[in-house]
Amino acid sequence: MRLSSLSLAALLVLSAGLLAIGQDAPPPRPADGPPPQQGEPPHEMDKPDRNDRSRRGRDHREPMSEQKVRESIEVLRLIDPEKAEKLEKHIGNNPERIGHALRDDFPHLSRFMAMRRYDPEGFDLRIKDLRLTRQSQLSARRFYEANEAGDDALAAAELAVLEGLVAEHFDVRQQIREHDLAQLEQKIQELRDQLQDRADNRDALIAQRIEEFVEHDKPDRW
């Protein structure tokens, strides 16, 4: 069951859940969150924020209300339960600080919150995407450690788990693309309908525009 370094590297890349295929910007992690445990791969959310100047510029924003902080943590709980629980423990002591941490280190959380309300199907799919990314990374690490330790039985078991996770992740990514494509097609149809409506009302729209020019020196943009 021992694999070469090249084969292991390929599996680790594969286990990231096909992240290179149309990946969205990865959600960051809480600023004061703990480092990964020994043997645990870095989470996509555990990458440091390199834009410190931008962060300092955001310090003067209006603080999030405690209710908003709790709503944000509830969404975060679906993505990373451990980090959400750690943040939640400190809400009572300093909700404003937790709000800043959520805004600065989870900038995509607001997008998820809006999606949860207006696009629940897309929200569920992207939550699955993030979970499977994390699970496949951890599974790859366990496989790597078992393989390095020469435990062929454990390595074989972990490899089977990894194969299942990556296959499931691929299917979820396909569903996300199908969902996004359906939304895009709907938007295109709406634009075509608007275009046709303007064509059907050409004379009336031209007369309306002329009237605007007559009544105003600088009419609104057409």
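The interhelical angle for the contact between helix α3 (residues 66–79) and helix α5 (residues 95–105), taken along N-to-C directions, is 45°, at an axis separation of 9 Å. With respect to α5, the axis of α3 lies oblique. As for how α3 packs across α5, the hand of that crossing is left-handed. Counting all contacts with α3, which are made through E66, V69, S72, I73 and L76, the residues of α5 involved are P95, I98, G99 and L102.

Moving on to the confidence of the model for the chain. Predicted coordinates in areas of low pLDDT are best not read in detail. Looking at the chain as a whole, the pLDDT averages 78, with 72% of positions reaching at least 70. Per-element confidence in the chain ranges from a low mean pLDDT of 46 for helix α1 (residues 5–15) to a high of 97 for helix α8 (residues 152–200). Below a pLDDT of 50 lies the segment residues 8–49, which in the model reaches 96 contacts outside its immediate sequence neighbourhood of four places, other chains included.

What follows is about a nonpolar patch on the surface. On the surface, L181, L184 and I188 cluster together into a nonpolar patch covering about 260 Å² of accessible area. Mapping L184 onto the fold places it in helix α8.

What follows is about the environment of L102. Examined against the element boundaries, L102 turns out to sit in helix α5. Remark: the alpha-carbon pair of L102 and L76, spanning 26 residues in sequence, is separated by 9.2 Å. Once you skip the residues sitting within four places of it in the chain, L102 turns out to touch V69, S72, I73, L76, L87, P107 and L109.

Below, the discussion takes up the nonpolar core. Core analysis: the biggest nonpolar cluster contains 19 residues, and V69, I73, L76, L87, I98, L102 and L109 have the highest contact counts within it. At the level of elements, α3, α4 (81–88), α5, α6 (109–118) and α7 (120–148) are the ones that each hand at least two residues to this core. Looking at this core, the element that brings in the most residues is α3, giving five residues. Once residues within four sequence positions are removed from consideration, I98 is found in contact with V69, I73, L87, H90 and I91. If you look at the next biggest cluster of nonpolar residues, it comprises seven residues, including A140, A146, A155 and L159.

Looking now at a negative patch on the surface. Together, E190, D193, D197 and D200 give the surface a local cluster of negative charge. Relative to the elements of secondary structure, D197 occurs in helix α8. Residue D197 is classed as partly exposed on the basis of its relative accessible area, which comes to 46%.

Bringing the side chain of S72 into the picture now. Here S72 shows up in helix α3. For S72, a relative accessible area of 4% puts it in the buried group.

Cut-offs used in this document
Residues numbered from 1 in each chain as written. Predicted model: local features only at pLDDT ≥ 70, side-chain atom pairs only at ≥ 80, totals over all residues. Heavy atoms only, no water. Axes fitted to C-alpha atoms, helices over the stretch in contact; angles between N-to-C directions. Helix = DSSP H or I, 4+ residues; strand = E, 2+ residues; numbered from the N terminus. Parallel < 35°, antiparallel > 145°, perpendicular 65-115°, else oblique. Left-handed = near helix turned anticlockwise from the far one by under 90°. Contact = heavy atoms within 4.5 Å. pLDDT = per-residue confidence, 0-100. Patch = residues over 30% accessible without salt bridge, like charges linked within 9 Å, V, L, I, M, F, W, Y side chains within 5 Å. Areas by Shrake-Rupley, 256 points an atom, 1.4 Å probe, with all protein chains shown as cover. Salt bridge = Lys/Arg side-chain N within 4 Å of Asp/Glu carboxyl O. Core = buried A, V, L, I, M, F, W, Y, C linked by side-chain atoms within 4.5 Å. Buried < 20%, exposed > 50% of the residue type's maximum accessible area, 1.4 Å probe, protein only. Lys, Arg positive; Asp, Glu negative; His and termini not counted. Charge placed at Lys NZ, Arg CZ, Asp CG, Glu CD.

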